[in-house]
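Here's the letter readout for the chains.
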Amino acid sequence: MEANNVNIVEQTQDPSKSPSGLRILWRELVRDKLALFSLILLTLIVVFVYGVSIILDQDEIVTVDLFAIHEAPSEDFILGTDYGGRDVFGQLIIGTRNSLTIGIAVTLISGIIGIAFGLVAGYFGGHTDNTMMRVLDFFQILPFTMLVIVFVSIVPDYTILAFSLIMAVFSWMGIARLIRSKALQEKELDYVQASKTLGTSNTKIIFREVMPNISSLIIVTMTLNLAANIGIESGLSFLGFGFPESTPSLGTLLSYATNPQTLEFRWWIWVPAAVLILVLMLAVRNVGEALRRATDSRQRRG
Amino acid sequence: MWKFIVRRLLITFPQIILLSVLIFLMAQAMPGDALTGVIDPNVSLEEKEELRERLGLNAPWHEKYADWVGGIVQGDFGQSFRFKMPVTELLEQRLMNSFWLSLMTLLFTYLMAIPLGIISGRYNDTLLDSSITGYTYLGFATPLFIFALVMLWVFGYQLGWFPTSGSVTPGLEPGSMEYVISKFNHLLLPALSMALIQTVSTVQYLRSEIVDTKQKEFVITARAKGASESRVYNKHIFRNSLLPIAAFFGYEISFLISGTIFVEKIFGYPGMGLLFLESILLRDYSVVNAVVLIFGVAAILGALLSDIILSIVDPRIRIK
């Protein structure tokens, strides 16, 4: 371990050595104007949404006001009100915050499951890999949307954590497959063999040596997954199987559009949420694509 | 090749069995049973308990599972307490609607994907290619339900070109020409919405496949022999790239499944997806289980089909 540390210190000091993975990622991101713009936009949205939602009171916003049902945008309500007389603009901000939070939570949980699964399968290979891949194949083939909906509706005490767990349990397969194929290549390399010869334990090799070496792949995949998860969460909330109306998400606002009257005449309720979901997903994806290019030296722009 | 197919089939059976066990366990976790819905003051609690015993509801779980599977094999999914009819009958109508929707979607998907992919691959790095690539980039990031909502808003409500809900105009006689046209008309917008999003991955795949194949030696040979440009593309390159695409259609089934849930909800199209959503809201669990099982088995068989076609098309997969 000590020898490792010395190496890292040396690398950052010596300019003739190749730059570290994180620095390559960052350089590519700055070179790609679209990705940089997306990153700045995302940062602004995140700061604004989390900042403003500290001042806003979620309970106050979701309180039904029967005297202000379906009001058009005005000075009192910038984006009008919904069928319960609730301020759409406030819901939009809180919804964005909730959608982002859940997206990040699901990405992290499914990432942890997927990374551990993929690393173990790829590192040990052989029969272990074979068995684990059959399990993965099975999970991948399950009808994801339906099972999540069924589980959401039968879980007794339904919380945000429960929702993220349910989603994560059915969405770790993509990242696991990627990590596994990378770990299969990685374990043939000399440093793994050397560590084995030195008697380092498998757990230590997997998580302290192999995992840091594929960290750029992990970062890229998780960024792209975040975009997908924001979409999936809002889709489930749209169907009514995500958050309850008392914790609005962007999908909740869109679900009001299943009322034909709202869809046709009250665009201010659902169009901003739709645009925001698209902007969020595209921005996260732009950043992710730039990072993905950075991990492949043939595709780099910088 | 037979060896591969047999081995692949051997994996499929455990998958289906596991799926059925999973759904069965889910069903056990769902609150209530077949008799909870019976609110009849003439049936006392003791009688209910006796009925439960007779129906086998108090049996150990493995017996119940065997009973359940036995019923399904004979086409008996139980009773829907909401519609008061056997689930099998209920499914028949809905299944046909979803089948037509899926078929139309696949048709549109390939009708769009093949020309777009070929143009994009053949004239890569031109303006035409970058607009197609731009479309695939956007389409990849757009969630289906938002796109479908916008399609419904624009073409259904604002322009009024398409009907906005249902699968057929009520009052038409089944089998008549108007009936068929009306059915088709109701299918068009949902199928197009789904296809416009689904086609994106196929276009991307076909494009990169063609760009790759363009530089292969057999293409250079074909050109050197004096084959015309259109012959090189239509006979040599296209044939090589088309087969994997044809094989992928089995995998498309899982996309279709989650797609139908959203699209049927948005367009009010009475298919399996809408039935699933309605049933789960009303806690009509025998219907829910049947739909999940049918869709799950469809996805498993779709993947099986794709793998087999792929193994025929691409010998490298067989060797592994």
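Source: prediction; values computed, not measured.

**Student:** What is the right way to look at the overall build of chain A in this model?
**Tutor:** Helix and strand counts for chain A come out as 15 helices and 0 strands. Expressed as a percentage of the 302 residues in chain A, the buried residues total 49%. When contacts within chain A are restricted to residue pairs at least 6 apart in sequence, those whose partners lie at least 24 apart make up 70%. Put simply, chain A shows about 14,400 Å² of open surface, and 63% of that area lies on carbon and sulfur atoms.

**Student:** Can you help me understand the UniProt feature "transmembrane region" (unreviewed entry) in chain A in this one?
**Tutor:** All names here are of chain A. According to UniProt, the positions carrying the feature "transmembrane region" (unreviewed entry) are residues 34–56, 102–124, 136–154, 160–179, 214–232 and 267–284. For residues 34–56, the helix share is 96%, the strand share is 0%, and the end-to-end C-alpha distance is 32 Å. Structurally, residues 102–124 is divided into 100% helix and 0% strand, and its ends, taken at the C-alpha atoms, are 33 Å apart.

**Student:** Could you clarify how one ought to interpret the pattern of salt bridges in this entry?
**Tutor:** Any two side chains of opposite charge can pair if their charged atoms end up close together. Evaluated as defined, the whole model comprises 10 salt bridges over all chains. We note a salt bridge from Arg177(A) to Asp137(A), for which the minimum N-O separation is 2.9 Å. Here Arg177(A) is found in helix H9 (residues 173–186), whereas its partner Asp137(A) is found in helix H6 (residues 126–141), with 40 residues between them in sequence. Taking the relative accessible area as the measure of exposure, Arg177(A) reaches 32% and is therefore partly exposed. Using a relative accessible area of 23% as the deciding quantity, one classes Asp137(A) as partly exposed. Among the ionic pairs, Arg207(B) bridges to Asp129(B), the shortest N-O distance being 2.8 Å. Taken together, the residues Arg207(B) in helix H7 (residues 177–214) and Asp129(B) in helix H5 (residues 127–141) connect sequence positions 78 residues apart. For Asp129(B), a relative accessible area of 3% gives the class buried. Connected through shared salt-bridge partners, Arg134(A), Asp137(A) and Arg177(A) make up one network.

**Student:** Any chance you could explain the nonpolar core here in plain terms?
**Tutor:** In a soluble, globular protein the nonpolar side chains are often hidden away together inside. Val150(A), Leu254(A), Phe276(B) and Val291(B) are the most contacted members of the largest nonpolar core, which totals 120 residues. It is helix H15 (residues 267–295) of chain A that provides the largest number of residues to this core, a total of 15 residues. Every residue in contact with Phe276(B), bar those within four places of it in the chain, is listed here: Met146(A), Ile149(A), Val150(A), Ile261(B), Val288(B), Val291(B) and Val292(B). Core analysis: the second largest hydrophobic core is formed by 13 residues, Tyr123(A), Ala183(A), Val210(A) and Ile214(A) among them.

**Student:** Even after reading the chapter, I still don't get helix H11 (residues 202–213) of chain A, so can you show me in this structure?
**Tutor:** Think of an α-helix as turning once every 3.6 residues; residues three or four places apart then point the same way. All names here are of chain A. Between the first and last C-alpha of H11 there are 15 Å, a value that for 12 residues agrees with the 16 Å anticipated at 1.5 Å per step. Buried within H11 we find Ile205, Ile206, Glu209 and Val210. Buried residues in H11, looked at end-on, bunch into an arc of 130°, giving them a common side.

**Student:** When you look at the packing of aromatic side chains in this model, what are you seeing that I'm missing?
**Tutor:** Between two aromatic rings, the relevant description is the distance of the centres plus the angle of the planes. Going through the model one piece at a time under the given rule, you end up with 12 aromatic pairs over all chains. Plain terms: the ring middles of Phe151(A) and Phe170(A) are 5.5 Å apart, the flat faces sit at 50° to each other, and that makes the pair tilted. Taken together, the positions of Phe151(A) in helix H7 (residues 144–154) and Phe170(A) in the loop between helix H8 (160–169) and H9 put the pair 19 residues apart, joining distant regions of the chain. Taking the centre distance of 5.6 Å and the plane angle of 40° together, the rings of Phe155(B) and Trp161(B) count as tilted. Here the aromatic cluster, defined as three or more aromatic residues joined through ring pairs, consists of Phe117(A), Phe138(A), Phe139(A) and Trp172(A).

**Student:** Looking at this structure, how should I read the environment of Asp190(A)?
**Tutor:** All names here are of chain A. Turning to its location among the elements, aspartate 190 is positioned in helix H10 (residues 190–197). For aspartate 190, a relative accessible area of 65% gives the class exposed. Sequence spacing of aspartate 190 and leucine 22 is 168 residues, and the spatial spacing of their C-alpha atoms is 23 Å.

**Student:** What am I meant to see in the interface of chain B and chain A here?
**Tutor:** By a frequent convention, interface size equals the accessible area lost on bringing the separate parts together. Taken residue by residue, the interface counts 43 residues in chain B and 37 residues in chain A. Both sides together, the interface formed by chain B and chain A hides about 3,500 Å², and carbon and sulfur atoms give 83% of it. Along the contact surface separating chain B from chain A lie 0 salt bridges. In this assembly, chain B and chain A are joined by 1 residue pair in polar contact (both at pLDDT 80 or more). For the side of chain B that touches chain A, the secondary-structure elements that each account for two or more residues are helix H1 (2–29), H5, helix H6 (144–158), helix H9 (229–267), helix H10 (272–281) and helix H11 (285–313) of chain B. Sorting elements by how many residues they give to the side of chain B that touches chain A places H11(B) first, with 9 residues. Residue composition of the side of chain B that touches chain A, grouped by class: 36 nonpolar, 5 polar and 2 charged.

**Student:** Before we go on, may I ask you to explain the UniProt feature "transmembrane region" (unreviewed entry) in chain B in this structure?
**Tutor:** Residue and element names in this part refer to chain B. Taken from the UniProt record, the annotation "transmembrane region" (unreviewed entry) applies to residues 99–123, 135–155, 187–206, 241–267 and 287–313. Between the C-alpha atoms that bound residues 99–123 there is a distance of 36 Å. The span itself is 96% helix and 0% strand. Helix makes up 90% of residues 135–155 and strand 0%, and the two end C-alpha atoms of the span are 19 Å apart.

**Student:** Explain unusual backbone geometry here, please?
**Tutor:** Residue and element names in this part refer to chain B. With a phi angle near 65°, aspartate 125 is a residue other than glycine that sits in the positive phi range. Tracing the backbone through its elements, the reader meets aspartate 125 in the loop between helix H4 (87–122) and H5. Residue aspartate 125 is classed as exposed on the basis of its relative accessible area, which comes to 67%.

**Student:** Explain the confidence of the model for chain A to me, please; I cannot follow it from the model alone.
**Tutor:** Reading predicted coordinates in detail is not appropriate for stretches of low pLDDT. All names here are of chain A. Taken over all residues, the pLDDT of chain A has a mean of 82, while the share at 70 or more is 82%. Per-element mean pLDDT across chain A ranges from 46 in helix H1 (residues 2–13) up to 91 in H9. The model gives residues 1–13 a pLDDT under 50, and that stretch makes 2 contacts with residues more than four places away or in other chains.

**Student:** What is the right way to read the side chain of Ser110(A) from this model?
**Tutor:** Residue and element names in this part refer to chain A. By the element assignment, serine 110 lies in helix H5 (residues 88–124). A residue is classified by how much of its surface remains accessible, and serine 110, at 1% relative accessible area, is buried. Separated by 3.4 Å, the side chain of serine 110 and the backbone oxygen of threonine 107 make a polar contact. Among all residues touching serine 110, those that are not within four sequence positions of it are Ala168, Ser171, Trp172 and Ile175.

What counts and what doesn't
- All chains use their own residue numbering, which begins from 1 and follows the written sequence.
- Chains carry letters from A onward and ligands carry numbers from 1 onward, assigned in written order.
- Totals for whole chains, interfaces and linings use all residues, but because this is a predicted model, local features are given only for residues with pLDDT of at least 70 and pairs of side-chain atoms are given and counted only at 80 or more.
- Hydrogens and water molecules were not included; the side-chain quantities draw on all heavy atoms of the structure.
- Numbering goes from the N terminus for both helices and strands, where a helix is a DSSP run of H or I of at least four residues and a strand is a run of E of at least two.
- The classification of residues rests on relative accessible area computed with a 1.4 Å probe and restricted to protein chains. Under 20% of the type maximum is buried, over 50% is exposed, and intermediate values are partly exposed.
- Contacts are residue-level and defined by heavy atoms, with any inter-residue pair within 4.5 Å sufficient.
- Per-residue accessibility takes into account occlusion by the displayed protein chains alone, with areas from the Shrake-Rupley method and a 1.4 Å probe.
- UniProt positions are given in the numbering used here, feature names are shortened, and annotations may be inferred rather than shown by experiment.
- Here, a salt bridge means any Lys or Arg side-chain nitrogen found within 4 Å of an Asp or Glu carboxyl oxygen.
- Throughout this description, the term nonpolar core refers to a set of buried Ala, Val, Leu, Ile, Met, Phe, Trp, Tyr and Cys residues connected via side-chain atoms within 4.5 Å.
- Between the first and last residue of a helix there are one fewer steps than residues, each counted as 1.5 Å, and that sum is the expected span.
- Arc, as used here, means the arc of the directions from the helix axis to the C-beta atoms.
- In summary, the pairing rule links any two rings of Phe, Tyr or Trp, Trp by its six-membered ring, whose centres are within 6.5 Å, and it sorts them by plane angle into stacked for under 30 degrees, edge-to-face for over 60 and tilted for everything else.
- Put simply, buried area is how much 1.4 Å-probe accessible surface two parts lose in total, over both of them, once they are put together.
- Two N or O atoms count as a polar contact when they lie within 3.5 Å, although within protein this holds only if one can serve as hydrogen donor and the other as acceptor, and sequence-adjacent residues are included solely when both atoms are side-chain atoms.
- Nonpolar residues are Ala, Val, Leu, Ile, Met, Phe, Trp, Tyr, Cys and Pro. Charged residues are Asp, Glu, Lys and Arg, and all others, Gly as well, are polar.
- Each residue carries a pLDDT score, the predictor's own confidence in it, on a scale running from 0 to 100.

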